[in-house]
Amino acid sequence: MCFSVIVLQAWLIMKNGYIPLTRRNFFSWSRRNEKKFRKQSVRTISNETAPVKWAVDGFLPVGLSILTGRTKVGKSILALNLSIGVATGLSVLGHFNAVKGGVLYLALEDTMRRLHDRIKSCALIEPDTDLSGLCVFTGIPHQHSGGLEYIRYWLSEHEDTRLVVIDTLQMFMERLSGKGSAYREDYQAASEIKQLANEFNVAVLAVYPLGENTKGDWVSEFSGSRGIVDVADTIFVLERNFKSRTGVLRRFIRGMAEEQFSLKFSPHGWTMAGQTNC
């Protein structure tokens, strides 16, 4: 070993208190410290694994959730049932207890008259039911034309908000350019919504359609790029045959096993029939 290397190692020992690793002593050092670093890594992972935060306990987590399914399967009715349950503090699907909180419902493909009729027909609604926590808008600017900042402002002014519903997501999002990657643009747009949900510790439920020929592989039939799916914390897939009074809601939460909920459909909306783990 040349003199300059010896001097450099001596300087490092005095300055930093350690001996710089060389090819000769690396393996003996790694054997001595393998168990210690393995234990530290496991402990670090355990400490960083936080439990799921629920907006509706046991059903809807905080963060970005996507509710998808074929056209006319009942997605909007399910989203409205969920919104009414949270806004009133009553049950969701007749099964899950909801902590009462504010709800911002963006019904971007509906009219106020149609929504009024749907709310009146909901089984949860009695003449004296307090719906002051449910705020409905049928129009809002696109995400990058001020829409996202409007939601941010709303959440900052209404700190009791627990749920934001965007029905539908494609009416809210907009292509940044016609020349860019659809995956990149969808991923960026969905990431911004997810960051907003995490910032205010709320659940954002975005309704998005599946293709009409979906047969099992719902991801391949997702109407849009995979960018939205890859960002979302939770995916709900609602399945129901045409004119059927029963349906299945499949839930995929990141890092958890898939679950299926058997549902019953009526003019009053969706109610729970059963639950199975997959």
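Since we're looking at a predicted model, the values are computed, not measured. (Residues numbered from 1 in each chain as written. Predicted model: local features only at pLDDT ≥ 70, side-chain atom pairs only at ≥ 80, totals over all residues. Heavy atoms only, no water.)

Peer 1: What exactly am I supposed to notice about the packing of aromatic side chains here?
Peer 2: Aromatic rings considered in pairs are described by the distance between their centres and by the relative angle of their planes. Enumeration over the complete set of coordinates arrives at eight aromatic pairs. Here the aromatic rings of Phe265 and Trp270 are separated by 4.8 Å at their centres, their planes lie at 55 degrees, and the arrangement is tilted. Side by side, Phe265 and Trp270 carry an identical accessibility label, which is buried. The structure contains a cluster of three or more aromatic residues connected by ring pairs, namely Phe59, Phe96, Phe236 and Phe261. Lying across the ring of Phe265, Arg240 places its NZ or CZ 4.4 Å from the centre. (Phe/Tyr/Trp six-rings, centres within 6.5 Å; stacked < 30°, edge-to-face > 60°. Buried < 20%, exposed > 50% of the residue type's maximum accessible area, 1.4 Å probe, protein only. Lys NZ or Arg CZ within 6 Å of the ring centre and 35° of its normal.)

Peer 1: Any chance you could explain helix α3 (residues 75-88) here in plain terms?
Peer 2: Since there are 3.6 residues in each turn of an α-helix, residues three or four apart along the chain are aligned in direction. Between its first and last C-alpha, α3 extends 20 Å over 14 residues, near the 20 Å set by a 1.5 Å rise per residue. Within α3, 13 of the 14 residues are buried, which leaves the element mostly enclosed by the surrounding structure. Of the residues one or two after α3, Gly89 is the one with positive phi, at around 75 degrees. (Helix = DSSP H or I, 4+ residues; strand = E, 2+ residues; numbered from the N terminus. Expected span 1.5 Å × (residues − 1).)

Peer 1: Quick question: what am I supposed to make of unusual backbone geometry here?
Peer 2: Backbone geometry follows two general trends: most residues other than glycine have a negative phi, and most peptide bonds adopt the trans configuration. Cis geometry is adopted by the peptide bond preceding Thr168, which originates at Asp167 and carries an omega value of 15 degrees. With respect to the secondary-structure elements, Thr168 resides in the loop between β8 (161-167) and α6 (169-172). In this structure, Lys72 is a non-glycine residue whose phi angle is positive, near 65 degrees. Mapped onto the fold, Lys72 is located in the loop between β3 (63-69) and α3. The residue Asn201 is not glycine, and still its phi comes out positive at about 55 degrees. Mapped onto the elements, Asn201 comes out in the loop between α7 (182-200) and β9 (203-209). Classification of Asn201 by relative accessible area gives partly exposed; the value is 43%.

Peer 1: Whenever I open this one, the packing of helix α5 (residues 147-157) against α7 confuses me. Can you help?
Peer 2: Each pair of packed helices can be described by the angle between their axes along with the distance between the axes. Relative to each other, α5 and α7 sit at 5 degrees, their axes nearing to 11 Å. Between α5 and α7, the interaxial angle falls into the category roughly parallel. Of the residues in α7, those in contact with Leu148, Ile151, Arg152, Leu155 and Ser156 of α5 are Glu192, Ile193, Leu196, Glu199 and Phe200. (Axes fitted to C-alpha atoms, helices over the stretch in contact; angles between N-to-C directions. Parallel < 35°, antiparallel > 145°, perpendicular 65-115°, else oblique. Contact = heavy atoms within 4.5 Å.)

Peer 1: What am I meant to see in the environment of Phe242 here?
Peer 2: Within the secondary structure, Phe242 is located in the loop between β10 (234-239) and β11 (246-253). According to the relative accessible area criterion, Phe242 is exposed, its value standing at 73%. In this structure the C-alpha to C-alpha distance between Phe242 and Lys72, which are 170 residues apart in sequence, comes to 8.3 Å.

Peer 1: Explain α5 to me, please; I cannot follow it from the model alone.
Peer 2: Taken as a whole, α5 has its buried residues at Gly147, Leu148, Ile151, Trp154 and Leu155. Relative to the axis of α5, the buried residues are bounded by an arc of 120 degrees and lie together on one face. Looking at the buried side of α5, the elements it contacts are β6 (102-107), β7 (134-137), β8, α6 and α7. (Arc of directions from axis to C-beta.)

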